[in-house]
Amino acid sequence: MAELTQKERMKIKRHDMPNQDQVVRRGNFEEVALGYTEQTARVEAERCLQCKEPKCIKGCPVGVLIPQFIKALREGDMVKAVEWMKVKNNLPAICGRVCPQEVQCEGNCILAKKGEAVAIGRLERFVGDYELAERTCPLVKAPKTGKRVAVVGTGPAGLTCAVDLGRQGHEVTMFESLHGPGGVLVYGIPEFRLPKGVVHGEISYAVECLGIDIKTDHVIGRSFTLDELLSDYDAVFLGTGAGLPSFMRIQGINLNGVMSANEFLTRVNLMKAYRFPEFDTPVKIGKKVAVVGGGNVAMDSVRCSLRLQALLAKQSGGEPGEAHIVYRRSADEIPARAEEYHHAQEEGVIFDLLTNPVEIIGDEKGCVKALRCVKMQLGEPDASGRRKPVPIPGSEFEMEMDTVIMALGTSPNPLVFVDATGLERTKHGTAVADTETGRTKKQRVWAGGDIVTGAATVISAMGAGKRAAADINSFLKGEAPWA
Amino acid sequence: MYKIVRKEILSDVTKLMDIEAPHVARKARAGQFIIVRIDEHGERIPLTIADYNRDAGLITIIFQEVGKSTKQLGKLEPGDSVASFAGPLGHPTDVENFGAVVCVGGGVGIAPIYPIARELKEAGNTVISIVGARNRDLLFWEDKMKAVSDELIVCTDDGSYGRKTVVTEPLKEILGDAQRKIARVWAIGPAIMMKFVAAATKPFQVPTTVSLNTIMIDGTGMCGGCRVLLDDGARFVCVDGPEFDGHKVDWDNLLSRLQFYREEERIALQEYDHKCRLEGAAAEGGK
């Protein structure tokens, strides 16, 4: 394509990404968003105005060199595009799928002011997928430094930190409590949003390039304690996430059919319960499912529910049933990524907004029968700046339900704090760590991601892993000693 | 991969395996559990540690073949491996010199009660052990239990060996004998047995520790599927337990939750048996 003028670029409309048909996809776990073709990606890339002071980069928690990779992409130089990408982001095929771009890079894009932002996330995904298939630009390990680093947790924070440290020539060992690496990327985010093949591809590619050792089935705090790791390693990074589910303090929480979103998603995603009995782990889903919460985890749970119901209906005949989101605030406050909310609506999720459960009612066998809720209205803004939902007196009502999934947020797993003298925690159970460097109150221990912030996003965890890796590297080189 | 180095057949349906897992053995203590996953399609199965050998890096597990996964595990032989083996999980038993204690093991629960009895004995307690099973074939480790107990009572439901009674009967007799001054009771076995042990000790106000084996996935506090109701709220068996005060457990809720996946367990077993028969027939045909 000939060089376009800025005006011509601004005339190009943002390209939709093709999706799997909304009726068909309800009955399978395959990826919903199908990705750009090379043709579409290159035309979309032409929309970028190559700002002199690009705001998009500032919106990215890891600072991806966005205009640079987009320019290479539109010039058809994929190898160069990958190179630019990998300066800052080691896991682009993942980020392109799960980042909330609308509030990060794309939210900052100059085009978003008057019209629609460049589809940066979709372009990132395109570049990431290209590299996973072609492997043009393997990560290179700097000469060995002889320093050893333990990274605890193999989710987004740990992976990013490990890869950056590996590139610097340090010997990195990762510890994972589950049977495979990936953390929330494999147990939490469903196949239809982030295929496990992509996660495993990204991880194995990076790990092979850099010779990183991953020890699965290792529960830090049990098999080894933090203090023991410190005697074997020069530095330790804690990226154990926020894995502990919260339950509402209401009656009926221990009835059969009440699950945490963590349990539900782990069964479905990690253990592949949607393929039971080919895989051993089952999951029980009712005809009427209520998912309590409005975040990404709630959307993932409700959309998994729909799919399981459809699969079950296909096997046994009959109607698939219905899946609800029960959320105490209004649509405007839904914290989920816009695309997930939109997809959930398309797929037929019922949204019971401004509704809060007050009791789960069971039958004589101890199984869920109904969810008793109260209607809410929005009052004054609370600490989060959002208007606080308050119950409307006398508005209680019952909804017939047989499955209730609690997606109310998670807090850090306390196991890692066992025998970790000096590692400070907040009253919310999160680790105290410097936001810039990731340094905790314990010498030679860094932390980042959900263990510090509480449940947040994949990319913010990656950002924290990246900043910690930079500081660990400076520390190991003797440039930034522990004060 | 974790290698099975030894296998012992304790009864038709009860198998013992020593598994090479140095990362677990180095810290394992009585009362803790492990999670094993047989292969890439396998579920994560929690099993209480029956014994360990730190020097050799071995963990002993004992399991009863009750469902698809335990049947499949039971078919593996020394030299075979399992895909995952994580632990030690949960809190170890709180062992000190309490004076006189009773350790009750029912069925496959004899396995995890053994290291607890041993540690209690080593700590200077007078250990009275009661082991029971439905019949003689399901009993095992009588000699090992004898070696760590000051007194051992064996019973079977059908009277095929030892006393013909359930474990709670001798337990009540011992508790009723004021001379014995029982300070504590441990009970591990089927949930229903532990429920009745707790009910038997309650009138005597003897602290009673039970080890719960609920449905769980990760075993590290992540899923919450294992939650149990105590009289002061819910707890996670995997990280808050597996041992709890038996007098505080809501047993009816526990028993009901254990039933939740019964239909799926039946389907999985049926599919597995069917597959085994087909493979068996194919092997026959190939001869």
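Basis of the calculations
Residues numbered from 1 in each chain as written. Chains lettered and ligands numbered in written order. Predicted model: local features only at pLDDT ≥ 70, side-chain atom pairs only at ≥ 80, totals over all residues. Heavy atoms only, no water. Helix = DSSP H or I, 4+ residues; strand = E, 2+ residues; numbered from the N terminus. Buried < 20%, exposed > 50% of the residue type's maximum accessible area, 1.4 Å probe, protein only. Contact = heavy atoms within 4.5 Å. pLDDT = per-residue confidence, 0-100. Pairing = 2+ DSSP bridges. Disulfide = S-S within 2.5 Å. Axes fitted to C-alpha atoms, helices over the stretch in contact; angles between N-to-C directions. Parallel < 35°, antiparallel > 145°, perpendicular 65-115°, else oblique. Left-handed = near helix turned anticlockwise from the far one by under 90°. Nonpolar A, V, L, I, M, F, W, Y, C, P; charged D, E, K, R; others polar. Phe/Tyr/Trp six-rings, centres within 6.5 Å; stacked < 30°, edge-to-face > 60°. Salt bridge = Lys/Arg side-chain N within 4 Å of Asp/Glu carboxyl O. Expected span 1.5 Å × (residues − 1). Buried area = accessible area lost by both parts, 1.4 Å probe.

## Quick word on the environment of Gly321 of chain A
Residue and element names in this part refer to chain A.
Alright, step 1. Residue placement: Gly321 occurs in the loop between helix H15 (296–316) and strand S8 (322–326).
Alright, step 2. A residue is classified by how much of its surface remains accessible, and Gly321, at 33% relative accessible area, is partly exposed.
Alright, step 3. Spatially, the C-alpha atoms of Gly321 and Val291 are 14 Å apart, while their sequence positions differ by 30 residues.
Alright, step 4. In this structure Gly321 touches Arg26, Lys287 and Gln309, once residues within four positions along its chain are discounted.

## Topic: the confidence of the model for chain B
Residue and element names in this part refer to chain B.
Alright, step 1. Overall, the predicted model of chain B reaches an average pLDDT of 94, with 99% of residues at or above 70.
Alright, step 2. Ranking the elements of chain B by mean pLDDT puts helix H9 (residues 262–286) last with 86 and strand S7 (residues 81–82) first with 98.
Alright, step 3. For this predicted complex, the interface confidence score (ipTM) comes to 0.93, while the overall pTM stands at 0.93.

## A few points about the sheet that holds S7 of chain B
Alright, step 1. Reading across from one edge, S5-S6-S2-S1-S7 (chain B) is the order of the 5 strands in this open sheet, with antiparallel pairing throughout. Lying at the two open borders of the sheet, with one neighbouring strand each, are strand S5 (51–53) and S7 of chain B.

## Section: the state of the cysteines
Residues and elements named next belong to chain A.
Alright, step 1. Applying the stated criterion to the full structure yields 0 disulfides over all chains.
Alright, step 2. You can see Cys60 has no disulfide; the closest cysteine sulfur is in Cys105, sitting 6.4 Å from it.
Alright, step 3. Residue classification places Cys60 among the buried positions, given a relative accessible area of 14%.
Alright, step 4. Looking at Cys109, it has no disulfide partner, and the nearest cysteine sulfur is the one in Cys56, 6.7 Å off.
Alright, step 5. On the basis of relative accessible area, Cys109 is assigned to the buried category, the value being 9%.

## Points about the sheet that holds strand S14 (residues 403–406) of chain A
Residues and elements named next belong to chain A.
Alright, step 1. Reading across the sheet, the 5 strands line up as S6-S14-S7-S8-S9 and stay open at both edges, with parallel pairing between neighbours. Strand pairing shows two members of the sheet lacking a second neighbour, strand S6 (258–260) and strand S9 (350–352), which therefore form its edges. Across this sheet, the average inter-strand angle for adjacent strands is 25°, counted without regard to direction.
Alright, step 2. This element, helix H14 (residues 261–270), spans S6 and S14 of the sheet and lies at about 80° to S6.

## Here we look at unusual backbone geometry
Most peptide bonds take the trans configuration, and most residues that are not glycine carry a negative phi.
Alright, step 1. Here Phe276 of chain A and Pro277 of chain A are connected by a cis peptide whose omega angle stands at 5°.
Alright, step 2. Secondary-structure assignment places Pro277 of chain A in the loop between H14 and strand S7 (288–292).
Alright, step 3. With an omega of 10°, the peptide bond running from Gly241 of chain B to Pro242 of chain B counts as cis.
Alright, step 4. Relative to the helices and strands, Pro242 of chain B is located in the loop between helix H7 (237–240) and strand S17 (243–245).

## Regarding the packing of helix H4 (residues 66–74) of chain A against helix H9 (residues 120–134) of chain A
Residue and element names in this part refer to chain A.
Alright, step 1. Where H4 contacts H9, the two axes come as close as 11 Å, and the packing angle between them is 60°. As judged from the angle between their axes, H4 and H9 are oblique. Judged by the sense of rotation from one axis to the other, the crossing of H4 with H9 is left-handed. When H4 is examined against H9, the residues Ile66, Phe69, Ile70 and Leu73 are found in contact with a partner set consisting of Ile120, Leu123, Glu124, Phe126 and Val127.
Alright, step 2. Looking at side-chain class alone, the contact of H4 with H9 contains 8 nonpolar, no polar and 1 charged residues.

## Some thoughts on the packing of aromatic side chains
Residues and elements named next belong to chain A.
Alright, step 1. On inspection of all chains with the given rule, the structure shows 14 aromatic pairs over all chains.
Alright, step 2. Between Trp446 and Trp482 the ring centres are 5.0 Å apart and the planes differ by 80°, which places this aromatic pair in the edge-to-face class. Taken together, the residues Trp446 in strand S16 (residues 445–447) and Trp482 in the segment after helix H18 (458–476) connect sequence positions 36 residues apart. Here Trp446 matches Trp482 in class, with each residue buried.

## Notes on the pattern of salt bridges
Alright, step 1. By the definition in use, this model includes 53 salt bridges over all chains.
Alright, step 2. The residue Arg14 of chain A makes a salt bridge to Glu106 of chain A at a minimum N-O spacing of 3.1 Å. One end of the pair, Arg14 of chain A, is in the loop between helix H1 (6–11) and helix H2 (38–45); the other, Glu106 of chain A, is in helix H7 (residues 105–108), with 92 residues separating them in the sequence.
Alright, step 3. For Glu264 of chain B, the salt bridge identified is with Lys284 of chain A, shortest N-O distance 2.9 Å. On the criterion of chain membership, the pair formed by Glu264 of chain B in helix H9 and Lys284 of chain A in the loop between H14 and S7 is interchain, its members lying in two chains.
Alright, step 4. Assessed through its relative accessible area of 24%, Lys284 of chain A is described here as partly exposed.

## Details of H18 of chain A
Residue and element names in this part refer to chain A.
Alright, step 1. Its 19 residues place the ends of H18 26 Å apart at the C-alpha level, agreeing with the 27 Å of an ideal helix rising 1.5 Å per residue.
Alright, step 2. H18 sits mainly inside the fold: 15 of its 19 residues count as buried.
Alright, step 3. Gly478 lies just past H18 and shows a positive phi near 85°.

## Some thoughts on the packing of H14 of chain A against H15 of chain A
In a packed pair of helices, the relevant descriptors are the angle between the two axes and the axis-to-axis distance.
Residues and elements named next belong to chain A.
Alright, step 1. Two elements in contact, H14 and H15, have axes whose closest approach is 10 Å; the angle formed by their N-to-C orientations is 50°. Of the possible angle classes, the one that applies to H14 and H15 is oblique. Seen along the crossing, H14 lies across H15 with a hand that is left-handed. The residues of H15 that touch H14, namely those facing Ala261, Phe264, Leu265, Val268 and Asn269, are Val297, Asp300, Ser301, Cys304, Ser305 and Leu308.
Alright, step 2. Looking at side-chain class alone, the contact of H14 with H15 contains 7 nonpolar, 3 polar and 1 charged residues.

## Focus: the interface of chain B and chain A
Alright, step 1. Across the boundary between the two partners, chain B contributes 47 residues, which contact 43 residues of chain A.
Alright, step 2. Sorting the residues of chain B by area buried against chain A places His41, Met222 and Phe260 of chain B first, and these three jointly supply 19% of that buried surface.
Alright, step 3. The tally of links from chain B across to chain A stands at 4 salt bridges.
Alright, step 4. Taking the shortest distance from any N to any O, the salt bridge between Glu228 of chain A and Lys27 of chain B comes out at 2.8 Å.

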